Structures are given as C-alpha cells and as structure tokens.
Amino acid sequence: MSARRARRPRGAAESLGAIVLGFESVVVFLGGLVVYGLRALPEGEPWWGIVAGAILALLMIVTAGLLRHRWAIALGWLWQLVLAAGAILLPALLIVALIFGAMWGYATIKGAALDRRNARLAAEAGGVADVPHETDRANGD
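Basis of the calculations
- Residues numbered from 1 in each chain as written.
- Predicted model: local features only at pLDDT ≥ 70, side-chain atom pairs only at ≥ 80, totals over all residues.
- Heavy atoms only, no water.
- Helix = DSSP H or I, 4+ residues; strand = E, 2+ residues; numbered from the N terminus.
- Contact = heavy atoms within 4.5 Å.
- Areas by Shrake-Rupley, 256 points an atom, 1.4 Å probe, with all protein chains shown as cover.
- Axes fitted to C-alpha atoms, helices over the stretch in contact; angles between N-to-C directions.
- Parallel < 35°, antiparallel > 145°, perpendicular 65-115°, else oblique.
- Left-handed = near helix turned anticlockwise from the far one by under 90°.
- Nonpolar A, V, L, I, M, F, W, Y, C, P; charged D, E, K, R; others polar.
- Salt bridge = Lys/Arg side-chain N within 4 Å of Asp/Glu carboxyl O.
- Buried < 20%, exposed > 50% of the residue type's maximum accessible area, 1.4 Å probe, protein only.
- Phe/Tyr/Trp six-rings, centres within 6.5 Å; stacked < 30°, edge-to-face > 60°.
- Lys NZ or Arg CZ within 6 Å of the ring centre and 35° of its normal.

Asks: Can you help me understand the overall build of the chain in this one?
Replies: Summing up its helical and strand segments, the chain has five helices and zero strands in all. Traced from its N-terminal end to its C-terminal end, the chain shows the element sequence α-α-α-α-α. Across the chain, every contact between residues at least 6 apart in sequence was considered, and the portion connecting residues at least 24 apart equals 66%. Taken as a whole, the chain presents about 8700 Å² of accessible surface, with 68% of it coming from carbon and sulfur.

Written out as structure tokens, the structure is:
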C-alpha cells in the first residue's frame, strides 16, 4: 500500500467561497431553465437560456475549485456581475444576484479576516501558519 498524500489545508475564505459558489451554481442552472420556460429571450432560440445557465454554473464550479488563487476571488465577483446582468432578461435574477452577491462578499471578506486571525494566532503560538490562501496572496499568486 502506498502512503496517502496529506491534503492541502484550506483557509476559511476558500472553504466558504467554495460553498457559496457551489450552491449558487445550482440556482444559476435552474435560473437558465426558468429563462427557457418563460421564453424570456428575445426573438430566436429559447434554449440559449439553458445553455447560458449551464455554462455559468459550470464556470462557478470551476472557480470554486480554484479559490486557492487570489485571482479566483475576483473571478467570483465577475460571475456575480454576470448573474446580475441576467436581470435584463428576467428581473427576478437581480434578487438572486443580490442575495448570492451578499453571501459571496461575506464569505470572502469574513473568510479572509478569519484566515489572518488564524495565521496571527499560529505565529504567536510559535507554529507555522496553516493558511495557504494568505500565503498565496503574499506570493502574488
């Protein structure tokens, strides 16, 4: 038997952000189905609502897996704006965008504060900070 490789420790911002994006991806896909069902797209093929919802949901899932990088946080904000832009077709999507945007903001801001606190406490205790997210930021990743 081979020895199991140790899992990379995840910071609070990474964990909370992944949870928000994961749940939001389900809602976004369902939003695409609503756009299709209500035929909210202007003249043309109504199935593009499903395609757009599926692509945005997939991008959110991929971003959730990349949150260890600083740029992925900004990418998450971009997906929040794209979702808000969907309110042009379906105004109810603005409510969804505001709710999940607030959750995303809380997860990233409060998570980063918790990561900084944990790193400080680890440094005071003489241990090594176990927060890769903050380390990535220090390295400019």
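Still to come is the rest of the account.
Asks: Just checking my understanding: could you explain the packing of helix α2 (residues 48-65) against helix α3 (residues 70-85) for this structure?
Replies: The axes of two packed helices give the description: the angle between them and the distance between them. Contact geometry of α2 with α3 gives a least axis separation of 10 Å together with a crossing angle of 160 degrees. Compared by their axis directions, α2 and α3 come out roughly antiparallel. Crossing angle aside, the handedness with which α2 passes α3 is left-handed. Here Leu56, Leu59, Met60 and Thr63 of α2 lie close against α3, whose contacting residues are Ala72, Leu75, Gly76, Trp79, Val82 and Leu83. Here the contact of α2 with α3 is composed, by residue class, of eight nonpolar, two polar and no charged.

Asks: In this structure, what is going on with the packing of α3 against helix α4 (residues 92-124)? I would like to understand it.
Replies: Running from N to C, α3 and α4 cross one another at 165 degrees; their axes reach a closest spacing of 8 Å. Considering the angle they form, α3 stands roughly antiparallel to α4. The handedness of the crossing between α3 and α4 is left-handed. Within the contact between the two elements, α3 uses Ala72, Ile73, Gly76, Trp77, Gln80, Leu83 and Ala84 and α4 uses Leu93, Leu94, Val96, Ala97, Phe100, Gly101, Trp104, Gly105 and Thr108.

Asks: What exactly am I supposed to notice about the pattern of salt bridges here?
Replies: A side chain of one charge can pair with a side chain of the opposite charge if their charged atoms are brought near each other. Under the criterion given, the structure shown has two salt bridges. The shortest N-O distance in the salt bridge between arginine 10 and glutamate 14 comes to 3.9 Å. Residue class for arginine 10 comes out partly exposed when judged on its relative accessible area of 40%. Of the charged contacts, one joins glutamate 124 and arginine 120 as a salt bridge, the two residues approaching to 3.5 Å between their closest N and O atoms. Taken as a pair, glutamate 124 and arginine 120 lie in helix α4 at a separation of four residues, close to a single helical turn.

Asks: Help me understand the packing of aromatic side chains in this model?
Replies: Aromatic ring pairs are reported here in terms of the distance separating the ring centres and the angle at which the planes meet. Scanning the model with the defined rule gives one aromatic pair in all. Between the aromatic rings of tryptophan 47 and tryptophan 48, the centroid separation amounts to 4.7 Å while the plane-to-plane angle is 25 degrees, which identifies the pairing as stacked. Take tryptophan 48: its relative accessible area is 46%, and that puts it in the partly exposed class. One Lys or Arg, arginine 39, reaches over the ring of tyrosine 36 and ends 5.7 Å from the middle of that ring.

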